[in-house]
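# Fold and geometry: a report
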Amino acid sequence: MPDGASVLGGVFVSTLTLTDFRSYERMRIDLAGAKPLVVLTGPNGAGKTNVLEALSYLAPGRGLRRAALGEVTRLGAEGPWAVAATLNVAGESVRVGTGLTAEGGVVSDRRVVRLDGVSVANSNMLGDRWSVVWLTPQMDRLFLEGPSSRRRFLDRLVLGLYPDHSRQVGAYERVMRERNRLLGDKGPGKGRDADPAWLSALEARMAEHAVAVAVARLDFAGQLAGQLAEATGGPFPRAELALDGWLEQKLAEGTPASDAEAALKNRLQASRRRDAAAGRAGEGVHKTDLVVTHAPKAMRADLCSTGEQKALLIALILANARLQAALKGLAPLLLMDEVAAHLDTDRRAALFDALAGLGGQCWLTGTDRALFDGLEDRAEFFDVGDGKLLPSHG
Ligand SMILES: Nc1ncnc2c1ncn2[C@@H]1O[C@H](COP(=O)(O)OP(=O)(O)OP(=O)(O)O)[C@@H](O)[C@H]1O
Ligand SMILES: [Mg+2]
């Protein structure tokens, strides 16, 4: 943990109500104590991940499935979905409500957020005081997929440090698409006839957003590296991170942000003809890759075994949880979907210890109750099924 930071406690969900959310018509759970772990078990399709997804909307952004907001509403429901929770944030009770609204039969296209009953301008506000960190089975292929998945993964994590990050990424991509269209389209004022001044203006804006994006990524990666470096020994290997991107590289070398911005703008201008032919921009922060290395083996993550990749991913998520705890003075809410199944007994025990020791609340799912045996003192258990969560006592 960085000097001076102290963790005051964590985020604990004490009540959760889902309304017309995925498979749930109306569901409420109350968590009496402040046990660090909440375990949801039930068969495939029971609705375990849906609960974690609902909790992921207590953070800014698009939730852990990155679903279109309308898709989340229960099929056949009359009104749109809503999630309400009472959180205990370092001893203080906070009510959070989020979901879509319907006025005169028209469903909002943005998710609304209320904090203690007061509407806030956008979901970024949810990132101010606490963080929500998750790991899902979809992330298992992270190191084998193309750079875009890893970039999304990275940008999602950066959001925990820079709540404005996804807006910057979105703004960059919008301007980039506008430039692509202008360069690529035939017809008056497009393609070869495109107005150079207009292109320059777009490139200037692209470069400006790109620098904001790259600076945030670099700062985050540096801070995460500090946490990763502390994880020596133990069952989860130390991971090393590098950002493979032209602009990130320039900034990492110490080029001042204003010079890097000007340099990217010039490169974009110089590559108009090539980008027009390709139909896309060949340079920029939309190409950056996150390169992860298994440090003790000096092995790139994509060359590691399936189990090693999972362990690396867990190491990254735990480091991020520690980083968020250090930054906010408050351990994050953790959502771990099906993490127990693929680990051997020792690693599983070590993971539960690490999660329970972070200082906040961690939700875990699994199909098999036996994976969580021995956690009775530290966990509250629920059986999931038929649109309900029922407390279970072993
Ligand atoms: N909008 C929706 N309306 C109604 N049901 C939905 C909606 N979206 C998803 N579902 C259903 O929710 C059910 C539960 O899904 P969920 O992913 O939570 O299951 P799970 O318990 O995590 O299962 P697994 O163990 O297979 O991961 C699925 O059967 C799915 O079809
Ligand atoms: Mg699931």
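Look above for the structure.
Just so it is clear, the structure is predicted and the values come from calculations on it, not from any experiment. Position numbers for residues start from 1 in each chain and track the written sequence from start to end. Key to labels: chains lettered from A, ligands numbered from 1, both in the order written. The model is predicted, so local features are restricted to residues of pLDDT at least 70 and side-chain atom pairs to those at 80 or more, both for listing and for counting; the totals for chains, interfaces and linings are taken over all residues. No hydrogens and no water enter the side-chain calculation; it runs on all heavy atoms of the structure.

## Some words on the sheet that holds strand S12 (residues 289-294)
What counts is decided by this rule: At least two DSSP bridges between two strands are required for those strands to pair. By definition, any uninterrupted DSSP run of H or I lasting at least four residues is a helix, any uninterrupted run of E lasting at least two residues is a strand, and each is numbered from the N terminus. Residue contacts follow a heavy-atom distance rule, with two residues in contact if any of their heavy atoms lie within 4.5 Å. Axis geometry follows a simple rule: fit a line to the C-alpha atoms, using only the stretch in contact for helices, then measure angles between N-to-C directions, giving values from 0 to 180 degrees.
Spatially, S11-S12-S13 is the arrangement adopted by the three strands of the open sheet, whose pairing is antiparallel. Each edge of the open sheet carries a strand with a single partner, namely strand S11 (239-244) and strand S13 (299-300). Two strands pair when backbone bridges link them, and S11 and S12 are joined in this way by six bridges, in the antiparallel orientation. If you follow Ala 239 over to S12, its bridge partner there is His 294. Against the sheet, helix H3 (residues 147-158) engages S11 and S12, with an angle of about 90° to S12.

## Here's the deal with empty space enclosed by the protein
Sizing a probe to match a water molecule and rolling it over the atoms shows the empty space that remains. Stated precisely, the cut-off is as follows: Grid spacing is 1 Å over the protein atoms alone, the probe is 1.4 Å, and a cavity is where that probe fits but cannot get out, while a pocket is an open set with protein on both sides within 12 Å along at least five of seven lines and lining residues have an atom within 4 Å of a point. Grid points are joined across faces, edges and corners, and a volume is the space filled by probe spheres set on the points. Gly counts as polar in this scheme, as do all residues outside two lists: the nonpolar Ala, Val, Leu, Ile, Met, Phe, Trp, Tyr, Cys and Pro, and the charged Asp, Glu, Lys and Arg.
The tally for this structure, following the rule as stated, stands at four cavities of 30 Å³ or more. Along the walls of the largest cavity sit 20 residues, with Val 132, Val 133, Arg 156, Leu 157 and Gly 160 positioned nearest its centre. Only strand S10 (132-135), H3 and helix H9 (306-328) provide two or more residues apiece to the lining of the largest cavity. It is H9 that contributes the most residues to the lining of the largest cavity, four residues altogether. Per-class residue counts for the lining of the largest cavity are 13 nonpolar, five polar and two charged.

## As for the side chain of Asn 50
Let me state the cut-off plainly: Summary of the burial criterion: residues with accessible area below 20% of their type's maximum are buried, those above 50% are exposed, and those between are partly exposed, where the area comes from a 1.4 Å probe applied to protein chains only.
Mapped onto the elements, Asn 50 comes out in helix H1 (residues 48-56). For Asn 50, a relative accessible area of 11% corresponds to the buried category. Setting aside residues no more than four positions away along its own chain, Asn 50 makes contact with Phe 21, Arg 22, Ser 23, Tyr 24 and Arg 65.

## With respect to the site of ligand 1
Heads up, the condition is: Any residue with a heavy atom lying within 4 Å of a molecule or strand is counted as near it. We define a polar contact as two N or O atoms separated by no more than 3.5 Å, with the added condition that, inside protein, one atom must be a possible hydrogen donor and the other a possible acceptor, whereas residues neighbouring each other in sequence contribute only through side-chain atom pairs. Methods summary: accessible areas were calculated by the Shrake-Rupley approach with a probe of 1.4 Å, and residue burial reflects only the protein chains presented.
Around ligand 1, 18 residues are found, and the nearest of them are Gly 45, Lys 48, Thr 49, Asn 50 and Arg 65. Between ligand 1 and Glu 71 there is a distance of 3.1 Å, counted from a nitrogen atom to a backbone nitrogen or oxygen. In the model, a nitrogen atom of ligand 1 is placed 2.9 Å from a nitrogen or oxygen of the Thr 73 main chain. Coverage of ligand 1 by the protein chains reaches 70% of its 660 Å² of free accessible surface. Of all elements in the fold, only H1 and helix H2 (69-72) reach the threshold of two or more residues within the shell around ligand 1. Top element by residues in the shell around ligand 1 is H1. It accounts for three residues. Residue composition of the shell around ligand 1, by class: four nonpolar, eight polar and six charged.

## Considering the packing of H9 against helix H10 (residues 345-356)
Rules: Each angle gets one of four labels, with under 35 degrees taken as roughly parallel, over 145 as roughly antiparallel, 65 to 115 as roughly perpendicular, and the rest as oblique.
The contact between H9 and H10 brings their axes to 12 Å, and the two run at 10°. On the basis of their axis angle, the class for H9 and H10 is roughly parallel. Contacts between H9 and H10 involve Ala 311, Ile 314 and Leu 318 on the former and, on the latter, Arg 347, Leu 351, Ala 354 and Leu 355. Taken together, the residues that form the contact of H9 with H10 break down as six nonpolar, no polar and one charged.

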